There are 6 protein chains.
Amino acid sequence: MATVRMVEYEDASPEVREIYDDIMEKKSIDWVPNIWKAMGSHAPLLRDVWNSLQDTMKPGRLDPLTKEMIAVAVSVTNGCEYCVHSHTAAARKLGMDDEMLGEVMAVTGAFNRTNALANGYHVDVDPPILAAALGDGKSSKAAE
Amino acid sequence: MATVRMVEYEDASPEVREIYDDIMEKKSIDWVPNIWKAMGSHAPLLRDVWNSLQDTMKPGRLDPLTKEMIAVAVSVTNGCEYCVHSHTAAARKLGMDDEMLGEVMAVTGAFNRTNALANGYHVDVDPPILAAALGDGKSSKAAE
Amino acid sequence: MATVRMVEYEDASPEVREIYDDIMEKKSIDWVPNIWKAMGSHAPLLRDVWNSLQDTMKPGRLDPLTKEMIAVAVSVTNGCEYCVHSHTAAARKLGMDDEMLGEVMAVTGAFNRTNALANGYHVDVDPPILAAALGDGKSSKAAE
Amino acid sequence: MATVRMVEYEDASPEVREIYDDIMEKKSIDWVPNIWKAMGSHAPLLRDVWNSLQDTMKPGRLDPLTKEMIAVAVSVTNGCEYCVHSHTAAARKLGMDDEMLGEVMAVTGAFNRTNALANGYHVDVDPPILAAALGDGKSSKAAE
Amino acid sequence: MATVRMVEYEDASPEVREIYDDIMEKKSIDWVPNIWKAMGSHAPLLRDVWNSLQDTMKPGRLDPLTKEMIAVAVSVTNGCEYCVHSHTAAARKLGMDDEMLGEVMAVTGAFNRTNALANGYHVDVDPPILAAALGDGKSSKAAE
Amino acid sequence: MATVRMVEYEDASPEVREIYDDIMEKKSIDWVPNIWKAMGSHAPLLRDVWNSLQDTMKPGRLDPLTKEMIAVAVSVTNGCEYCVHSHTAAARKLGMDDEMLGEVMAVTGAFNRTNALANGYHVDVDPPILAAALGDGKSSKAAE
């Protein structure tokens, strides 16, 4: 059970209702998911998260499905039940089937294991890896 | 500093050395990264992790770059320094530039935020999301 | 469902019952919350946690509401369902309303995001920040 | 070492430079912290995080010091080195001394312990706690 | 509710069914636990995890009960509900009673607290601890 | 670098110095580890953590080495650098060699992987596992 009363559409202020309308339109649904109805209890949070997420999830160098699969991996690693379900649902709508989910899970599971091993043996980062991780910085100019 | 002495190639047993050779060949490098030299202190772990990772990371429905970007997202979420560097390096070698890394970071950051919000308001998963997350199970037959 | 049978008041040993009495008195309730009934299965743990928490939560330089809001933030970050509910309840009793909860959630969410970004880009701590974090040590004498 | 080259002020695009200027002005410093120089490599992320954080951290029902102490607690729980230092530094500037930091640490530590205990015994949330956590919803109207 | 349809024994492919048979035989049960039926949707993951776990959990220098108690501690720290239950059940079958569980919980709780304190005060590792953690490397030869 | 000045023995108040003496005596060392010198800045925290840890770590149904190996597993899972080193050092002093550490790491790594898989597929806990995890409650009476 939630820690705040869901703010239903019919009880929402005009400001909150406008954001709910935008969420439903952009997501092509005719209902407001619970996470947004919870944030409806604090309009500044609702507005900031909705604006920020739209910016983050719009098509860029990564396609929307890749972004949703990364969202699944993050939610799995954090063990967030609501998020695992909502991002798995979103990724399935974008074409992820059981085999692709299987690979996301295999990769996510594998690196939760090796993260533990690297933290546990606490090995130093090899200098060639440090250099390769940093890259050559050329693209940072292109980014400007 | 590590919690185990790195097992160098020249000090390694034939079994460990064979795995080191395979790692270097598959990764096209002529040196053994520290994480593997640490696992060289316990051959069964070295063998199991190496075999498992090769299975997990081979091209499948997801391409290698997507798998490495998911690995970055998992490592970031766990805060594993060695892993963040090694997977960022691997993803860069496969073509990830600063803009793509920026999108991986934006997505990873965004969902670490919303994971907290969903956990904090502890909202119930909406039934349509539960149904969409489960999918129709058809692909699970195809997977067999 | 729990992994241990709750030790009910009427089944408790005199030692456990005495702690239950103290918990109910200090919290001004006439029932024993489940977390304490679970620890009732291992008296040394029950006693140590209860004593330690009283010490930690007594009014000090931080007021009880601030302490409970920090408890909410920690529980949200760890994704602990029982804890999110119990600390949100405790903070509400001390005066936290939906707007204040909204701010706690906004701050907790925001820094779960930036924590990921700092871990992901793995930036060095700026020397002026290191110095400012350390402080001048004067208060450590005052603390004695 | 970072996984992206810091974008220095003199190398930054006009868009990035404008945000750097705003950061320095709002924070009353004459240098750009590394976390922002890292995000300088991906201007959309830089802009979104900076805008969002200003919104989140402005004085509201919680004062700035309380918000920074919550930021410390979140960063400690996630084990983010950069963040622990930067939020401890920010909180000290707002008046937190060693005793107050000691209380933040005591509370943060205590609830990381009890979070584990509640997760480990996996106790059900007591109905009175569920009801008290939810509150009466009155303030959610006021929030609109 | 799961994010994939459980692959029941009667619907499983011969490859998956063979692994299910092996799981039931090795665990001396006549039913397939849900975690394996979920992985049944992606045979390569099922096979890899089952093979790897058998290798990891076979009697070695640590006895099976110690390994299961470590599994409980890890699952508690990650807050994984399924895992807390399945490893607590496995440890109980191997002889863990409420007192031993109480000690596992006490230790797991205690170090989740001190982990937070060490991360929060961010103390340097003392040189004698670094040296003692590394050991003398003698056993790494014996391990080969 | 730490976020508080270490309180050295010669600068400590009589109360803190007494605890330092007790730590050194009980641990058979002639120096004070940094984690305790950091807590020396807030005497109530120092006293509470030291008292609680002695209670938790004293020989019980689990032997000291098992408790330290659980401490390693918890610290690895949380990625706490100081803690990984100090508990690995403590476990080595109690007899853990590289092979035993290898098994601790293998088990810790394995269950960080399967924790992710169970969270990701979000499977329901099987009723026989729920029952077996709960146990028969007989020992909870013995514990009183």
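Whatever comes next refers back to the structure up there.
1. Notes on the interface of chain B and chain A
And then number 1: Counting from both sides, the interface comprises 81 residues of chain B and, opposite them, 81 residues of chain A.
And then number 2: Between chain B and chain A, roughly 7,100 Å² of surface is buried when both sides are summed, and carbon and sulfur atoms account for 67% of that area.
And then number 3: Ranking the residues of chain B by area buried against chain A places Arg61(B), Phe111(B) and Tyr121(B) at the top, with a combined share of 10%.
And then number 4: For the interface between chain B and chain A, the tally reads six salt bridges.
And then number 5: Broken down by secondary-structure element, the contributors of at least two residues to the side of chain B that touches chain A are helix 2 (34-39), helix 3 (43-57), helix 4 (64-78), helix 5 (81-93), helix 6 (98-121), helix 7 (127-134) and helix 8 (138-142) of chain B.
And then number 6: For the side of chain B that touches chain A, the leading source of residues is helix 6 of chain B, giving 19 residues.

2. Description of the packing of aromatic side chains
Residue and element names in this part refer to chain A.
And then number 1: Applying the stated criterion across every chain yields a total of twelve aromatic pairs over all chains.
And then number 2: With 5.3 Å between their ring centres and 85 degrees between their planes, tryptophan 36 and tryptophan 50 make a pair best called edge-to-face. Here tryptophan 36, found in helix 2 (residues 34-39), pairs with tryptophan 50, found in helix 3 (residues 43-57); they are 14 residues apart in sequence, far enough to count as distant. Here tryptophan 36 matches tryptophan 50 in class, with each residue buried.

3. Description of the interface of chain A and chain C
The accessible area lost on association of the parts is a frequent measure of interface size.
And then number 1: Taken residue by residue, the interface counts eight residues in chain A and twelve residues in chain C.
And then number 2: In this assembly, chain A packs against chain C so that about 730 Å² is buried in total across both faces, 53% of it on carbon and sulfur atoms.
And then number 3: On the chain A side of the interface with chain C, the three residues burying the most area are Thr3(A), His42(A) and Leu45(A), jointly 59% of the side's total.
And then number 4: Along the contact surface separating chain A from chain C lie zero salt bridges.

4. Topic: the state of the cysteines
Residues and elements named next belong to chain C.
And then number 1: What the rule picks out here adds up to six disulfides over all chains.
And then number 2: One disulfide bridge connects cysteine 80 with cysteine 83, the sulfur atoms lying 2.2 Å from each other. On the sign convention where negative is left-handed, the bridge of cysteine 80 and cysteine 83, at about 50 degrees about the S-S bond, is right-handed. Each of the two residues, cysteine 80 as well as cysteine 83, counts as buried.

5. Considering the pattern of salt bridges
And then number 1: Using the criterion set out here, one finds 48 salt bridges over all chains in the structure.
And then number 2: Across the salt bridge formed by Asp22(E) and Lys26(E), the nearest N and O atoms sit 2.9 Å from each other. A residue pair is termed a helical-turn pair when its members lie 3 or 4 positions apart in one helix, as Asp22(E) and Lys26(E) do in helix 1 (residues 14-27) at four residues.
And then number 3: For Asp22(E), a relative accessible area of 22% puts it in the partly exposed group.
And then number 4: Owing to a relative accessible area of 48%, Lys26(E) belongs among the partly exposed residues under this scheme.
And then number 5: In this structure, Arg61(F) and Asp97(E) form a salt bridge, with 3.0 Å as the shortest nitrogen-oxygen distance. Of this pair, Arg61(F) sits in the loop between helix 3 (43-57) and helix 4 (64-78) while Asp97(E) is found in the loop between helix 5 (81-93) and helix 6 (98-121), placing the two residues in two different chains.

How each quantity is defined
Residues numbered from 1 in each chain as written. Chains lettered and ligands numbered in written order. Predicted model: local features only at pLDDT ≥ 70, side-chain atom pairs only at ≥ 80, totals over all residues. Heavy atoms only, no water. Contact = heavy atoms within 4.5 Å. Buried area = accessible area lost by both parts, 1.4 Å probe. Salt bridge = Lys/Arg side-chain N within 4 Å of Asp/Glu carboxyl O. Helix = DSSP H or I, 4+ residues; strand = E, 2+ residues; numbered from the N terminus. Phe/Tyr/Trp six-rings, centres within 6.5 Å; stacked < 30°, edge-to-face > 60°. Buried < 20%, exposed > 50% of the residue type's maximum accessible area, 1.4 Å probe, protein only. Disulfide = S-S within 2.5 Å.

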